[in-house]
Amino acid sequence: MATLLARTADRLYWGARYVERAEDTARIVRAYNDLVVDSPSHELLRWEPLAALTGSDLAIRIPESDPSGEVTVLGYLLSDRSNPASIPSSVDAARENLRTTREVMPREAWQAINQLSQYVDATAASAVQRQLRDRFLLRVVEISRRLDGILESTMTRSNEFRMLRLGRLVERADMTTRVLGVAAAGILQRESSDRDDLVHDQVRWMSVLRSVSALQMYQRTVRGPIDGIAVVRFLLSYPAFPRSVQGCLDDMRGVLLGLPTPQDVLAVLDRTESALARSDPDVTAGTELDRAMERVQTAIAELDRAIHDRYVASAR
Amino acid sequence: MAYGRARMDELLTDTGEPRAVAAALMSLIDSIGEDELRDRQKIAELDILTMGITFTIYSEGQNIDRAWPFDIIPRVIAGDEWDRITAGLQQRLWAINRFIDDLYNDQRVIADGVFPADLLEASVNFRPQCRGVRPKLGVWAHISGTDLVRDDDGQMYVLEDNLRVPSGVSYVIENRGVAKRAFAELFERQRIRPVDGYTDELNRLLTSLAPVGVDDPQLAVLTPGIFNSAYFEHSFLAERMGAELVEGADLVVGDDDCVYMKTIDGLERVDVIYRRIDDLFLDPEVFLPDSALGVPGLMRAWKAGNVGLANAPGAGVADDKVVYAWVPDLIRYYLGEEPLIPNVPTYRTMYDDERRFVIDNIGDLVIKPANESGGYGIVIGNRATRHELDAAVAAIEADPRNWVAQPILSLSTVPTLVDGGIRPRHVDLRPFVLTGTTSYVTPGGLTRVALPEGSLVVNSSQGGGSKDTWIIDGQYGTSGRTQSQQQMQGSAG
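Please read these numbers as outputs of a predicted model, since none were measured by experiment.

Basis of the calculations
Residues numbered from 1 in each chain as written. Chains lettered and ligands numbered in written order. Predicted model: local features only at pLDDT ≥ 70, side-chain atom pairs only at ≥ 80, totals over all residues. Heavy atoms only, no water. Helix = DSSP H or I, 4+ residues; strand = E, 2+ residues; numbered from the N terminus. Buried < 20%, exposed > 50% of the residue type's maximum accessible area, 1.4 Å probe, protein only. Areas by Shrake-Rupley, 256 points an atom, 1.4 Å probe, with all protein chains shown as cover. Pairing = 2+ DSSP bridges. Core = buried A, V, L, I, M, F, W, Y, C linked by side-chain atoms within 4.5 Å. Contact = heavy atoms within 4.5 Å. Expected span 1.5 Å × (residues − 1). Arc of directions from axis to C-beta. Salt bridge = Lys/Arg side-chain N within 4 Å of Asp/Glu carboxyl O. Buried area = accessible area lost by both parts, 1.4 Å probe. Polar contact = N/O pair within 3.5 Å; in protein donor to acceptor, adjacent residues only side chain to side chain. Nonpolar A, V, L, I, M, F, W, Y, C, P; charged D, E, K, R; others polar. Axes fitted to C-alpha atoms, helices over the stretch in contact; angles between N-to-C directions. Phe/Tyr/Trp six-rings, centres within 6.5 Å; stacked < 30°, edge-to-face > 60°. pLDDT = per-residue confidence, 0-100.

1. Considerations on the overall build of chain A
A tally of helices and strands in chain A yields 14 helices and zero strands. Taking all 316 residues of chain A together, the buried fraction comes to 56%. Surface accessibility of chain A: about 13,400 Å² in total, with carbon and sulfur atoms responsible for 50%.

What follows is the structure, given as structure tokens:
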């Protein structure tokens, strides 16, 4: 059936965005957790940057009883429903949106969403504890991946499918720029010749790659030691890696070409690509990366608006 | 035996022996024991959670999405008994539909003195806006959910005709999915009639309501939205029929009096709407002007024959606990037949002698408002306080047209797994009837069970649960079977 209600399109798009947000948040926290474990014990690694990543840094205050911020930040991201960016909040929002679209999705997909929601409801409160944390995060990633697998293998390539894909890709591109904007900029700005620092920087870059599940693919593609500029370029512009921003934009183009009259959205996508090109580390010379990422994020937000204007608001 | 004695149990006889139709089920329950049964109940509940089978209740200012309450022990009915009930339901709905069509057109039934004119004038569900409309096929109540109860005497009675937006059929189908996994061995050994065909039948019915000349109609299910208690069902039915699930704001009526939905590619025509919104909210141009749920112009489109609506607006006129009392007469009047399923005797407080009887015997009667659903407003005489009874009498005297009274039925029971064991709990049964060019009745229906001990309130909004309902053929029934099939069935048992 060719029909897709504008309202349904909107809910599919946002449902997929929220699932991806929950998954990406879980990936980022997992990588940061690894980084903390790897850090030398004399260096007290703080957890606040993690909150900055999800745009939640201003909302929390870290008490003296929690010097690293571990309990506070993780509680805020993993179990606090008053935080709209927490994993449970994202999962709730995903389920609320997809609950109104279940008739257009494969049944198994709806079951996976329910499973995710029940798992998070039952487990999020205890996920701050170190022994349980990694399992929780991995499980969130896994169920989200399973959902994508179900859609990939059992859903008709319809406009419904395309709206779900679009939501995934927009959110994924956005999250990758956030990881780079906060974490990478922090490292690049702290240029230092201290040998120890260089080694630790390497560990940090590895963590950045891990947080978008890109470490192994980076190593196979780039080879040689981990290098900051190369990491940034890989995550922004390497089109063959599906979580790179360029990879996401390419996939979006393919999806949009299957939707009815996408010209206006494609025009905005072109602008997003040029904003991305201007943010290449060669162009920005490794400095001001966070500002460049803000530029790309603004472009992605415009893309989001263009999708809404074309497919949700146009029939009114 | 720890099972409390009920006067009329669906599965057990007076002496506690399984009835023939329940023998295989009860012997399985005996052989696996209560612990295993409880395990299977837990698995069933988990299935319900994972499958997202929910209903919504409004509580403490919030809408809560709750897992559907399900009891694993099914209610079973023999095929031959069910065939008689099916015929009775079909008869009832044919007569009711003739009646509705008559009321909105010629009103022969009033001219002939069968139905009192003042009753129609006082009816809150009569829609003068529908006068003179002749919907396709002459059918108004396409989908109904008729509530049946069995009394001590073993007789099934019709308790209510739900002709507006009856819900529950999705749970009939979902309950079966869960029960099949819980009792796979019984489904292998017995001939239990499948319930899955309902959505195809509904699809066929809705398709038959398409405007003349439309061969491949676009169907839509119109829902009030996610906060409606039956939203799960609206979504379920749309999904199973491949229909669009729409809200009022998704639809618009054009200058050509046709209905369109807003899609990502502009406006698209809608031909048939299964509306799950009450009449008064359907079209703000005609009914409540501030309804945000409906579609301005929908009635125009329907009257012009440009869209099919199920159920037709105004069908609820026959779904009223006062009109109910006339249904046996209507069957005789329109069909010239005796009712196959009796009504519960019903006292109409609008008549002085019946009202006096009701007030004098109020402690032994159930008092029901004519136009409330969901079990609200009901006063059960022998369970009410003196104060509640006085209030009921005052309400009857203030508005006698709006009340009826019936004897307190002792609803039959079915063994139910509760804390502390397997206990008798009261049930009713809601089969669904589809009426179009032909008539279809779900094999079985939704068995609702009142979970608290002794309770007669089965509504899921008030603590009721549900059971799967098995119509079993074979040695219990002879309907439509060849002899060799029966023999095979007999030897397999």
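2. Quick word on the sheet that holds strand β17 (residues 403-407) of chain B
All names here are of chain B. Reading across the sheet, the four strands line up as β14-β17-β15-β16 and stay open at both edges, with antiparallel pairing between neighbours. Here the strands that pair on one side only, and so sit at the sheet edges, are β14 (347-348) and β16 (379-380). Judged from the five bridges that link them, strand β15 (residues 365-369) and β17 form a sheet pairing that is antiparallel. The partner of Pro-369 across the bridge, within β17, is Trp-403.

3. Comments concerning the nonpolar core
In this structure, Leu-50, Ile-87, Phe-136, Met-163, Leu-235 and Met-252 of chain A are the most contacted members of the largest nonpolar core, which totals 96 residues. Dropping the residues within four chain positions of it, Met-252 of chain A is found in contact with Leu-166, Leu-169, Val-170, Ala-173, Leu-269 and Leu-303 of chain A. Membership of the second largest hydrophobic core comes to 72 residues, among which are Leu-159, Ala-220, Trp-302 and Ala-325 of chain B.

4. Some remarks on helix α13 (residues 386-398) of chain B
All names here are of chain B. Taking 1.5 Å per residue, 13 residues should reach 18 Å; α13 reaches 18 Å between its end C-alpha atoms and fits that length. Every buried residue of α13 is accounted for by Leu-389, Ala-392, Val-393 and Ile-396. Mapping the buried residues of α13 onto a view down its axis gives an arc of 100 degrees, with all of them on the same face. Of the exposed residues in α13, those oriented more than 90 degrees away from the buried face are His-387 and Ala-398. Where α13 is buried, its residues meet α12 (352-360), β15, β16 and β17.

5. Quick look at the pattern of salt bridges
On inspection of all chains with the given rule, the structure shows 65 salt bridges over all chains. Asp-265 of chain B is the partner of Arg-310 of chain A in a salt bridge, and the nearest nitrogen-oxygen pair spans 3.7 Å. Linking Arg-310 of chain A in helix α14 (residues 289-311) with Asp-265 of chain B in the loop between β10 (259-263) and β11 (266-270), this pair reaches from one chain into another. For Arg-310 of chain A, a relative accessible area of 12% gives the class buried. With its nearest N and O atoms 3.6 Å apart, the salt bridge here joins Arg-134 of chain B to Asp-106 of chain B.

6. Some thoughts on the interface of chain B and chain A
Reports of interface size often rely on the accessible area that becomes lost once the parts have come together. Facing the 30 residues of chain B at the interface are 27 residues of chain A. Three residues, Glu-239, Lys-262 and Ile-264 of chain B, lead the burial of chain B against chain A; their summed loss comes to 27% of the area buried on that side. Between the two partners, chain B and chain A, sit six salt bridges. Note that Asp-250 of chain B and Arg-7 of chain A form a salt bridge whose closest N and O atoms lie 2.4 Å from each other. The tally of links between chain B and chain A comes to twelve residue pairs in polar contact (both at pLDDT 80 or more). Sorting the residues of the side of chain B that touches chain A by element identifies α1 (23-50), α8 (231-241), β8 (244-246), β10 and β11 of chain B as the ones contributing at least two each. Grouping the constituent residues of the side of chain B that touches chain A by class yields 13 nonpolar, seven polar and ten charged.

7. Digging into the side chain of Asn-306 of chain B
Within the secondary structure, Asn-306 of chain B sits in the loop between α10 (298-303) and β13 (308-310). Leave out the neighbours within four places in its chain, and Asn-306 of chain B touches Pro-211, Asp-256, Asp-257, Cys-258, Arg-269, Val-270, Asp-271 and Ala-301 of chain B.

8. Describing the pairing of β17 of chain B
Residues and elements named next belong to chain B. With four of five residues buried, β17 is to be regarded as a mostly interior element. Two strands pair when backbone bridges link them, and β14 and β17 are joined in this way by two bridges, in the antiparallel orientation. Paired with Tyr-347 across the two strands is Ala-405, which belongs to β17.

9. Focus on the sheet that holds β11 of chain B
Residue and element names in this part refer to chain B. The three strands are arranged β9-β10-β11 in an open sheet whose pairing can be described as antiparallel. The sheet is open, and its two borders are formed by β9 (251-253) and β11, each paired with just one other strand. Strand-to-strand twist in this sheet, taken as the mean axis angle between neighbours without regard to direction, amounts to 40 degrees.

10. Points about the pairing of strand β20 (residues 432-435) of chain B
All names here are of chain B. Burial along β20 is two-sided: Phe-432 and Leu-434 facing one way and Val-433 and Thr-435 facing the other are all buried. In the sheet, strand β4 (residues 143-150) pairs with β20 via three bridges, with the strands oriented antiparallel. Residue pairing across strands places Gly-145 opposite Phe-432, the latter belonging to β20.

11. Side note on the packing of aromatic side chains
This structure, assessed with the given rule, holds 21 aromatic pairs over all chains. Ring centres of Phe-234 of chain A and Tyr-238 of chain A lie 5.1 Å apart, and the angle between their planes is 20 degrees; this geometry places the pair in the stacked category. A residue is classified by how much of its surface remains accessible, and Tyr-238 of chain A, at 32% relative accessible area, is partly exposed. A centroid spacing of 5.7 Å and a plane angle of 75 degrees characterise the contact between Phe-115 of chain B and Trp-326 of chain B, whose relative ring orientation is edge-to-face. Of this pair, Phe-115 of chain B sits in the loop between α3 (108-111) and α4 (117-122) while Trp-326 of chain B sits in the loop between β13 and α11 (327-335), and the two are 211 residues apart along the sequence.

12. Thoughts on the confidence of the model for chain B
On average, chain B scores 90 in pLDDT, and the residues at 70 or more come to 92%. At the level of chain-chain contacts, confidence expressed as ipTM amounts to 0.77, with global pTM at 0.82.

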